[in-house]
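Coordinates in review
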Amino acid sequence: MTPERKIPERRSRKARRTRDTLAQAAFELVLDRGLRNVTVEEIAEAADVDRRTFSRYFTSKEAAALDSLRGDGDRINAALRARPAPEPPLLAYRRAVLDWLADPGAEPWHRRPRIFDLLVVAEEEPTLYAVFHHIRVDAQEDSVAIVADRLGVDPRQDIRPAVTVAAGAGALLAAQAAWVRGGRPDALPALVAEAFDALSADLLGEPRPAPERHLDAPERHLDAPERHPGAPEQHRGITSTTRTTSTAEEAEGTEATS
């Protein structure tokens, strides 16, 4: 390796260390003191850099605090690329997520210290949640490209890759939300499997028709005669009363409602 190549690589490693140090400082300060009680200047000071250096790497304290989650989308997408080609796209996405959760080396959320706590805070802080949403969207764009490549289609012309990823990512998001609200840090893999099971079984099955009810119709008395097939259908909202009407009035009312 030439000396000229070593210099850019050394700078790249130094930049990576600086970014990681800032992200770790933001992560710890936000969890220890709360998002609203932490400033960018305090994060920079904790990382032993100035405010200007912070701005070269992050646009906000929220982006810095959540930076450790950005690589998880890359890990899921790497697992998705590695799935066997014959697998249906949604099944491949499901198994890629479960592969990530089962890999200790990938440090999935339920195995990584304090990630559970960070996502709890993200549920409570709108600005933090907005940044988390953008991180997910970036990862999903890459997932769409991977699924399109598996199907051999152009995602700008074929909607199936986007639908597949939206469904799979939605199942993961639902599981993540149930996870942080349930208070059980070890429950994430089971919740993810449950969410995908619901997506592929319950929600894709034939829906059962709901019983038809007319809110504006009176309850039929038990001794009321059944309406036989072929009998004229009653108009909604029209009921019999004890008021005596003339034949002309009845005819006029029937004509007005027909």
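Our structure's up above, just so we're on the same page.
Quick look at the structure, then. (Residues numbered from 1 in each chain as written. Predicted model: local features only at pLDDT ≥ 70, side-chain atom pairs only at ≥ 80, totals over all residues. Heavy atoms only, no water.)

**Here's the deal with the pattern of salt bridges**
- For the structure on display, the rule yields 17 salt bridges.
- The salt bridge involving arginine 112 is made with aspartate 72; its shortest N-O contact spans 2.5 Å. One end of the pair, arginine 112, is in the loop between α6 (89-102) and α7 (115-124); the other, aspartate 72, is in helix α5 (residues 67-82), with 40 residues separating them in the sequence. Across this residue pair, the class does not change: arginine 112 and aspartate 72 are buried.
- Taking the shortest distance from any N to any O, the salt bridge between glutamate 87 and arginine 95 comes out at 2.8 Å.
- One network of salt bridges, in which partners are shared, links Arg16, Arg19, Asp20 and Asp67. (Salt bridge = Lys/Arg side-chain N within 4 Å of Asp/Glu carboxyl O. Helix = DSSP H or I, 4+ residues; strand = E, 2+ residues; numbered from the N terminus. Buried < 20%, exposed > 50% of the residue type's maximum accessible area, 1.4 Å probe, protein only.)

**Some points on the packing of α7 against helix α9 (residues 160-182)**
- Running from N to C, α7 and α9 point in directions that differ by 100 degrees, and their axes come no closer than 9 Å. With respect to α9, the axis of α7 lies roughly perpendicular. Along its contact with α7, which presents Phe116, Leu119, Val120 and Glu123, the element α9 presents Gln176, Ala177, Trp179, Val180 and Arg181.
- Per-class residue counts for the contact of α7 with α9 are 6 nonpolar, 1 polar and 2 charged. (Axes fitted to C-alpha atoms, helices over the stretch in contact; angles between N-to-C directions. Parallel < 35°, antiparallel > 145°, perpendicular 65-115°, else oblique. Contact = heavy atoms within 4.5 Å. Nonpolar A, V, L, I, M, F, W, Y, C, P; charged D, E, K, R; others polar.)

**Observations regarding unusual backbone geometry**
- In this structure, aspartate 48 is a non-glycine residue whose phi angle is positive, near 65 degrees.
- Within the secondary structure layout, aspartate 48 lies in the loop between α2 (40-46) and α3 (51-57).
- With a relative accessible area of 73%, aspartate 48 lands in the exposed category.
- Of note, the phi angle at glutamate 107 is positive, near 50 degrees, even though the residue is not glycine.
- Position of glutamate 107 among the secondary structure elements: in the loop between α6 and α7.

**What about empty space enclosed by the protein?**
- Across all of its chains, the model carries 1 cavity of 30 Å³ or more by this definition.
- Lining of the largest cavity is provided by 18 residues; of these, Gly73, Ile76, Arg136, Ala139 and Leu172 occupy positions nearest its centre.
- Looking at the lining of the largest cavity, the elements with two or more residues in it are α5, α6, α8 (126-151) and α9.
- Of the residues forming the lining of the largest cavity, the biggest block, 6 residues, is contributed by α8. (1 Å grid on protein atoms, 1.4 Å probe; cavity = no way out; pocket = protein on both sides within 12 Å on 5 of 7 lines; lining within 4 Å. Points joined across faces, edges and corners; volume = space filled by probe spheres on them.)

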